[in-house]
Amino acid sequence: MLTCLCAVLWHLPAVPALNRTGDLGPGPSIQKTYDLTRYLEHQLRSLAGTYLNYLGPPFNEPDFNPPRLGAETLPRATVDLDVWRSLDDRLRLAQNYEAYSHLLCYVRGLDRQAATAELRRGLGHFCTSLQGLLGSIAGVMAALGYPLPQPLPGTEPTWAPGPAHSDFLQKMDDFWLLKELQTWLWRSAKDFNRLKKKMQPSAAAITLRLKAPGF
Amino acid sequence: MDSSYLAQPPPGMGKTRRLASTVQWLLSAALLLYPMNEVNGQKKGTPRDLKCMTSNLQVWDCSWKAPATGQGMSYEVCIDRRSHSCYKSERTSIKIQSLSPGDHEMTIRPLRGSSNSTSKFILSERNVSLIPFTPEISNLSADFATSTLHIQWNDRGSAFLYQAEVIWEIKVLRKESMEVVKLTTYNSSLSGKDVDHHWGWTSDMPLECAVHYVAIRCFIDDPRFSGRKAWSDWSRLKSVSWSPDSPNKVFPQDKVVLVGTDITFCCVTQVKILTAQIGQTSYPLIPLDGRNVAIKIHSISASANSGTNVVFSTYDNIFGTVIFAGYPPDSPQDLLCETYDLKEIICTWSPGRPTALVGPRSTTYTLFESFSGRHVRVKRGDVSSNESYQLFFQMLPNQETYNFTLNAHNPLGRSESAVLVNVTEKVHPHTPASVKVKDINSTAVLLSWHLPGNFAKIKLICQTEIKHNSEQELRNLTVKGVENSNYLMIVNKLNPYTAYTLRVRCSAQTFWKWSAWSSEKRHVTIEAVPSKGPDTWREWSSDGKKIIVYWKPLSVSDANGAILAYDVSYSSEEETRTLPEIPPPQHRAEIWPSHKDCVIDVAARNSAGSSPPSRIAGMQIPNDDLKIEQTVGGGNGILLTWNHDPNMTCDYVVKWCNSTRPEPCLMDWRKVPSNSTETVIRSDQFRPGVRYNFFLYGCKSQGYQLLRSIVGYIEELAPNVAPNFTVEDTSADSILVRWEDIPVEELRGFLKGYLFYFEKGERDTSKMRGLEPGRSDVKIKNITDVSQKTLRIADLQGKTSYHLVLRAYTGGGMGPEKSMFVVTKENSVGLIIAILIPVAVAVIVGVVTSILCYRKREWIKETFYPDIPNPENCKALQFQKSACEGSSALKTLEMNPCTPNTVEVLEAGPTVPKTEDTELASPVAERPESGPGDGDADKQVPVSYCPPLVEEAGPAGQVVYMDVQSGYQPQARPDGGQDGGQDGGPARCTGYKPQLQLPGSRGGAGGYRPQADAGTWTPLAPLAPLAPLSPDSSSDVGSFGSPCSVDSRQFLIPPRNEESPKWSGGGWSFSNFFQNKPND
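Residues numbered from 1 in each chain as written. Chains lettered and ligands numbered in written order. Predicted model: local features only at pLDDT ≥ 70, side-chain atom pairs only at ≥ 80, totals over all residues. Heavy atoms only, no water.

K.L.:
What exactly am I supposed to notice about the nonpolar core here?
P.N.:
Among soluble globular proteins, nonpolar side chains are generally buried collectively. Y100 and L130 of chain A are the most contacted members of the largest nonpolar core, which has 54 residues in total. Sorting the residues of this core by element identifies helix 2 (27-55), helix 4 (89-113), helix 5 (117-143) and helix 6 (167-199) of chain A together with strand 25 (318-326) of chain B as the ones contributing at least two each. No other element matches the 12 residues that helix 6 of chain A contributes to this core. Residue contacts for L130 of chain A: discarding those within four places in its chain leaves L40, Y100, L103, L104, V107 and L181 of chain A. The next biggest cluster of nonpolar side chains, apart from the first, holds 42 residues, and it includes A408, V419, V435 and I458 of chain B. (Core = buried A, V, L, I, M, F, W, Y, C linked by side-chain atoms within 4.5 Å. Buried < 20%, exposed > 50% of the residue type's maximum accessible area, 1.4 Å probe, protein only. Helix = DSSP H or I, 4+ residues; strand = E, 2+ residues; numbered from the N terminus. Contact = heavy atoms within 4.5 Å.)

The following block contains the structure:
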């Protein structure tokens, strides 16, 4: 598996579609957005572990799967496959942009209530990265000529620890926020990968198959 | 009069009374005032059981039981000693004004009955019960956040004219099953007015968990009333419950509790709760009303940062809450208030024990200053609560003393610490900044720095640290404080042209703390004129025409700057000459003076000027009485001493150099004051084992005179090499050895002598390995005369190898050895003598023998060569002759028996008998393992037989003899017993055993034997004789020597005569003979 992967990486520079140096178009920015998505996935994996441990059991237990009680305002990443397929690029990008706009606000709320300085640093770093992803998506939309979605008045999410919101429900919301973030990052990676292939037809024709028994 | 009141316990008797109160209440309700005394006997149908009670001590409410006489019955009630003492009542009760103390007779007479039905009672206050009005709870409220019930009621004090103590008993019931969870009393006083009372109760279980009921009753304790006092009835129950519409299902929500508290959580839900867990621990469910459940935790432990999660799980949902268990704030530790700049006070403290509460529940600190009434507040939600806190408090213009109180509070409690400070005594200045150094002169600088702060009212002490190399000096300066200004300090008594590192710190004159040291500032002072001239010496060249002037570089402390050049001049009486300036790396100059008695001046010059010149006389005063001495130093230096010489008016100079260097040599010199008589010369250049020449010069007015010349070592070492030696001459008994001197460089010390070892020994022998002086066979010669260069070793043996070893030694030890092997020459005279003496002895013996033989020749002849007699004179032969001739009875010699020497071997088969020539076969060659089955005809061994008695068998008759151990097996023992066991022969005779049984043999014991049964036979040694001495075996021996078939082992020729001892004996001896000499 490793040998095969190394061989593929070795020959990657030889693939002409990946070495185009002329008019780059939106391809590089899509690639960068895709890379940023993957980086955020990695960053979230580390951050979620720390944050769930901060929330304490049962939130940090691997099989913990609470109902989505108060997290209804979070943008849902899960979507029916047919619906997802029926979306065009503009809609996909717009949904991504809107979702991360909302999620960013919620993550900033996490930053505000985290008690440890280390956790606050990690959340601050993640917020910065998420802000960068939002900018990247906006850049891709601009490159493709799509307008940015305008937020509806009064729907701007704000993080407010209201009196009706107990600490436990807040923890549930935090849990779902991290879960939705993860799902959105997966979905975004898939979206940008699809978009990347679409923008690079010649590269899309190249199929690299890695046989890896057991995977 | 029957007075059977139920004994009522006094209020406040404790729990026992409380437990029984409910029962009492029921009983007291049933008991009424009994009639006190019936004057007349009661008849059936008359009023009876008079009971009186009061609720306010003013009106007595009396009632009685009347016979069932139908509707419309009225009574007349009369009380004596009272005007208008009769009352009419339509019912069986009447309210009357309270009676005065004492007994009163009360008559109750039914108005429509006979006079016989009149009842009389003795009534007094003692028989009246005081039962207060039943109280009412005017308001019951619940604070669910704190799980507290608030109860409010009115005491109706206006109805009770007297001052009296009231005891209120309140009970709290929980759940629909009304379990009493709290029963308590509340004391108050009746003041004649209606007063509202409040009572609060905090539940151990959240009020949301179950419905709670509250009831209240009272007890009036009026000491003036002598009758029975009883509790009022319980008020109507009031309840409080939680609205199930709340999104929160688990209670308490987000509560902060003290660590170690017992706490109950409940879940209010319509679905079935399956499990409840706190953290990772599951707890048993306590059922409440409906599907509500609770769990109880004993002594909760401190929570994590985000609190402790309490989770109730249903089949498809979870409900939860977060509890924060922590501690109240500890008293702030080490509260310290000081000021850096007299503008602002900074108070620091450490929080003490962590509260385990963070974020919004963390401790808030408020610093309150009582004189000014101002305060500042800090709240830090971070977890790292072990770090010290600090708060800044702006100083007030005219206030020096501050009384600070630091309050700490969190949801669980509060604490405080206080400190009273005079800030002018708690000045801890900031670190001085902008440190600058400015030159004043070569020994003083001006140091300046900036110190922020308003120090105008105090004095400061500033300390300067002056470091030069490893030396450190601290100088203090007291200055008047100013506001935000620079401070100056003159640092003097420095050395010119010296690098100093300066730094400064300050404190208030009323010392509290030093500030931190400022950054270091490195500064080099400016140059000054060299303080003295260089140390100078001069050497005359060997031809006496040139003087070489040497001088040493000035030390840093003397140079006072970078030396730019040296000025050298020399002068005599006639003239003065100056050499061109000499730059520093060069420290010598050559001059050609015209006169011997010149004077040389050397001065060093730097940018500040020239040093005073060093003057040295060039004149060299001869000294004829000079001899070379030797000395050895003490390892690190050499001590030189001399006698005081008053002629030496100036100083002494000791000069030294390495003796191996060519002249003129000069390593260094040292000047010693003229009043000294000794000096120790030390130098880093001195090395052990190196020879140095030391010269002591005395200084007179006109010049220097060499006083002593010394050769010495700082430390002696053993020689580095062995002396080279050769053998000059060798004789038969002596060796002459010659050696060479060791070079001075290799000698490494003053030579003390040589050690010469010698011993017998050759190269490559074990003795060569070493010549230890302790060995007895090693001879040693110690040559202490170092001028001796030869040695003759005498008394040696001729033609012998000697091992010679030579080594030199100094005061530092023995040098390495050099060895040589020498063989002495042969001694020829001795050899000749050794040959000649035996020859001479032999000749003499021969001559003497010859003479003796000659002189005794007759005796010898008689003894060794007697005359031989003539046979013809023998009479015996004469007799024989006659016998042969005359007697016919005489027979010729019969040669009987005569046995042929060739035997025809008869085989037991159809094979043709054949005659074989004898062929010698060793019995050993016969393989013992060849069994009977191997009896191949081709492999049959031809056997020849030699008669035992025929000694003339000769070489032609080769006999094959079978080894008795391997081949022979006696078959025909006359006694027939124990043949095999005794013989031992069958142990190796594996062939066929003969079955022939000779006559006379007993039984079958001597017959066929199993051939493999070797174990029953005892094998004998291979060469052991076959029982020759046994009498029993004599018959067997009779056949010994007879040839036998290889296969059958049967004697082919049986003994002719078994009884013949001669034959028998011959056979035995024959066999023995062959055994020993098989080839014979």
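K.L.:
I keep staring at the UniProt feature "transmembrane region" (unreviewed entry) in chain B and nothing clicks. Help me out?
P.N.:
Annotation from UniProt places "transmembrane region" (unreviewed entry) at residues 829-854 of chain B. For residues 829-854 of chain B, the end-to-end C-alpha separation is 38 Å, with 100% helix and 0% strand making up the annotated structure. (UniProt positions renumbered as here; feature names shortened; annotations may be inferred.)

K.L.:
Before we go on, may I ask you to explain the interface of chain A and chain B in this structure?
P.N.:
At the interface, 22 residues of chain A touch 25 residues of chain B. Between chain A and chain B the total buried area reaches about 1600 Å² when both faces are included, carbon and sulfur atoms providing 57% of it. At the junction of chain A and chain B, the tally comes to one salt bridge. D167 of chain A serves as the salt-bridge partner of R361 of chain B, at 2.6 Å between the closest nitrogen and oxygen. One can count nine residue pairs in polar contact (both at pLDDT 80 or more) joining chain A with chain B. Elements supplying a minimum of two residues to the side of chain A that touches chain B: helix 2, helix 5 and helix 6 of chain A. (Buried area = accessible area lost by both parts, 1.4 Å probe. Salt bridge = Lys/Arg side-chain N within 4 Å of Asp/Glu carboxyl O. Polar contact = N/O pair within 3.5 Å; in protein donor to acceptor, adjacent residues only side chain to side chain.)

K.L.:
Help me out: how do you make sense of the state of the cysteines in this one?
P.N.:
Think of a disulfide as a covalent bridge from one cysteine sulfur atom to another cysteine sulfur atom. This model, assessed by the stated rule, comprises six disulfides over all chains. C127 of chain A takes part in no disulfide bond, and the closest cysteine sulfur to it belongs to C105 of chain A, at a distance of 9.4 Å. (Disulfide = S-S within 2.5 Å.)

K.L.:
I keep staring at the environment of L502 of chain B and nothing clicks. Help me out?
P.N.:
All names here are of chain B. In this structure, L502 sits in strand 38 (residues 499-508). For the pair formed by L502 and E465, sequence separation is 37 residues and the distance between their alpha carbons is 5.6 Å. Setting aside chain neighbours within four positions, we find L502 in contact with V437, V445, L447, T464, E465, I466, S519, E520 and K521.

K.L.:
Even after reading the chapter, I still don't get the packing of helix 5 of chain A against helix 6 of chain A, so can you show me in this structure?
P.N.:
For any two helices packed against each other, the geometry comes down to the angle between their axes and how far apart the axes lie. Residue and element names in this part refer to chain A. Running from N to C, helix 5 and helix 6 cross one another at 30 degrees; their axes reach a closest spacing of 13 Å. As summarised for this structure, helix 5 and helix 6 are arranged roughly parallel, according to the angle between their axes. The chirality of how helix 5 crosses helix 6 is left-handed. Where helix 5 abuts helix 6, its residues F126, L130, L133, I137 and V140 lie against L181, L185, F192 and L195. Looking at the contact of helix 5 with helix 6 residue by residue, the classes come out as nine nonpolar, no polar and no charged. (Axes fitted to C-alpha atoms, helices over the stretch in contact; angles between N-to-C directions. Parallel < 35°, antiparallel > 145°, perpendicular 65-115°, else oblique. Left-handed = near helix turned anticlockwise from the far one by under 90°. Nonpolar A, V, L, I, M, F, W, Y, C, P; charged D, E, K, R; others polar.)

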